[in-house]
Amino acid sequence: MFAIITNAAKGKQIVMFLDYDGTLSPIVEDPDRAFMSSQMREAVRDSAKYFPTAIVSGRSRDKVYNFVKLPELYYAGSHGMDIKGPSNSHNGAKKDNKEIMFQPASEFLSMIDEVYKALLHKTKSIPGAKMESNKFCCSVHYRCVDEKWWGVLAEQVRIVLNEYPKLKLTQGRKVLEIRPIIKWDKGKAIEFLLESLGFASSNDVFPIYIGGRPSNVNYQVLRDRGQGVGILVTKMPKDTNARYTLQDPFEVMEILRRLAEWKQSSSNTAQRTMGFWR
Ligand SMILES: O=P(O)(O)OC[C@H]1O[C@H](O[C@H]2O[C@H](CO)[C@@H](O)[C@H](O)[C@H]2O)[C@H](O)[C@@H](O)[C@@H]1O
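- The name given to the chain in an unreviewed UniProt entry is Trehalose 6-phosphate phosphatase, with Punica granatum as the source organism.
- The Catalytic activity (unreviewed entry) comment attached to the chain in UniProt states, word for word, "alpha,alpha-trehalose 6-phosphate + H2O = alpha,alpha-trehalose + phosphate".
- According to its UniProt record, the chain has this under Pathway (unreviewed entry): "Glycan biosynthesis; trehalose biosynthesis."

## Structural notes on the sheet that holds strand 7 (residues 138–141)
By definition, the strands of a sheet pair up through backbone hydrogen bonds, in either a parallel or an antiparallel sense.
Then comes step 1: Strand order in this open sheet of four strands is 6-7-9-8, and the pairing throughout is antiparallel. Looking along the sheet, the strands with just one partner apiece sit at the ends: strand 6 (130–133) and strand 8 (167–172). When strand polarity is set aside, the average angle formed by the axes of neighbouring strands in this sheet is 20°.
Then comes step 2: As judged from the six bridges shared by strand 8 and strand 9 (residues 175–180), these two strands associate in the antiparallel manner.

## Looking at the packing of aromatic side chains
Then comes step 1: Enumeration over the complete set of coordinates arrives at nine aromatic pairs.
Then comes step 2: Judged by centre distance (5.2 Å) and plane angle (10°), the rings of Tyr 20 and Phe 67 are stacked. Here Phe 67 lies in helix 3 (residues 61–68) and Tyr 20 lies in the loop between strand 1 (13–18) and helix 2 (38–50), a separation of 47 residues in the sequence.
Then comes step 3: Looking at Tyr 20, the relative accessible area reads 0%, which means it is buried.
Then comes step 4: Among the residues examined, Phe 67 registers a relative accessible area of 7% and is labelled buried.
Then comes step 5: Across the ring face of Phe 2, the terminal group of Arg 258 is positioned such that the distance to the ring centre comes to 4.0 Å.

## Describing the sheet that holds strand 3 (residues 74–77)
Then comes step 1: One open sheet holds the eight strands; their spatial order is 5-4-3-2-1-10-11-12, and the pairing between them is mixed. Edge strands, defined here as strands with exactly one partner in the open sheet, are strand 5 (101–102) and strand 12 (244–246).
Then comes step 2: Those strands touched by helix 7 (residues 217–225) are strand 10 (205–211) and strand 11 (229–233), and its axis lies near 160° from that of strand 10.

## Some words on the side chain of Arg 61
Then comes step 1: Relative to the helices and strands, Arg 61 is located in helix 3.
Then comes step 2: Apart from residues no more than four positions distant in its own chain, Arg 61 is found in contact with Tyr 75, Gly 77, Ser 78, Asp 82, Lys 84, Met 101 and Gln 103.

## Some details on the environment of Lys 174
Then comes step 1: Within the fold, Lys 174 resides in the loop between strand 8 and strand 9.
Then comes step 2: Given a relative accessible area of 33%, Lys 174 falls into the partly exposed group.
Then comes step 3: Sequence separation between Lys 174 and Ser 133 is 41 residues; the distance between their C-alpha atoms is 16 Å.

## Observations concerning the site of the ligand
Then comes step 1: Among the 22 residues in the neighbourhood of the ligand, the closest are listed as Val 28, Glu 132, Arg 143, Arg 173 and Glu 177.
Then comes step 2: Arg 173 places a main-chain nitrogen or oxygen 2.5 Å from an oxygen atom of the ligand.
Then comes step 3: Measuring from an oxygen atom of the ligand, one finds a side-chain N or O atom of Glu 177 at 2.7 Å.
Then comes step 4: Here the ligand loses 99% of its free accessible area of 570 Å² to cover by the protein chains.
Then comes step 5: When atom positions are compared with the pocket grids, the ligand is found to occupy the largest cavity.
Then comes step 6: Taken together, the elements giving at least two residues each to the shell around the ligand come down to strand 7 and strand 9.
Then comes step 7: Residues of the shell around the ligand, tallied by class, amount to six nonpolar, six polar and 10 charged.

Here is what the cut-offs are and how they apply
Residues numbered from 1 in each chain as written. Predicted model: local features only at pLDDT ≥ 70, side-chain atom pairs only at ≥ 80, totals over all residues. Heavy atoms only, no water. UniProt positions renumbered as here; feature names shortened; annotations may be inferred. Pairing = 2+ DSSP bridges. Helix = DSSP H or I, 4+ residues; strand = E, 2+ residues; numbered from the N terminus. Axes fitted to C-alpha atoms, helices over the stretch in contact; angles between N-to-C directions. Phe/Tyr/Trp six-rings, centres within 6.5 Å; stacked < 30°, edge-to-face > 60°. Buried < 20%, exposed > 50% of the residue type's maximum accessible area, 1.4 Å probe, protein only. Lys NZ or Arg CZ within 6 Å of the ring centre and 35° of its normal. Contact = heavy atoms within 4.5 Å. Near = heavy atom within 4 Å. Polar contact = N/O pair within 3.5 Å; in protein donor to acceptor, adjacent residues only side chain to side chain. Areas by Shrake-Rupley, 256 points an atom, 1.4 Å probe, with all protein chains shown as cover. 1 Å grid on protein atoms, 1.4 Å probe; cavity = no way out; pocket = protein on both sides within 12 Å on 5 of 7 lines; lining within 4 Å. Sits in = over half its atoms within 2 Å of the grid points. Nonpolar A, V, L, I, M, F, W, Y, C, P; charged D, E, K, R; others polar.

This is the structure we're talking about:
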């Protein structure tokens, strides 16, 4: 996979899009303790030295930033509904020095907060259920809920959501997610970021998306653009529109490191060649 990617990316600007949970950090029972390792942080930092690098997560932007702690990255939190770029970037982005900030669901902020509180109340009697506010969306976790309670939990969520026709329910890995019904998702955030970086209709870009969900709009965006590759992180074979798979965050870290090393050594070679002809 590595050789195919580097061959295809030769002469193009790689833009790296990374999911957080299950991609940079292992999936854990307590969502507040999904820490990434310092080695992984180094690998992501290396990636950002050479390629514009974005974290695209269902989490709130602040929360994912507190896990990752790298100011040089782009962050798209709340499933892409809260996008912010670094104030300065020197890693291949065509447009620079213009801070990127976009929140297409800001009108839903108070509604989401209201629903979050209603769900907190409705789910508190279900053992193991956990609510998480992700700013422009919220999550009902059932990873620690006994299977016999799953139906009851889903019913409680449905009862609350019946009152909110402008919100929809999606399902992640042992999590129910409540989001506004706007036409915006992680895929749209990826397109927005590529455009903001100056690669709207460019042939010189090679986006890579590494994520944890098999059927994902994010992979489809790259297929629609006919550019780059989608990589799914999974231990089990899954029906997916991602081109490649990696087993776990450790393999993600390895590929990030190798891509940064490859870029560094190809830049060094280019510099040496220019020096030779001077
Ligand atoms: O960004 P996504 O890949 O779309 O996932 C969004 C959800 O990620 C987080 O939950 C997942 O990771 C947790 C920590 O490992 C795990 O406990 C949970 O079961 C997983 O679904 C996040 O906590 C959720 O709010 C997001 O909806």
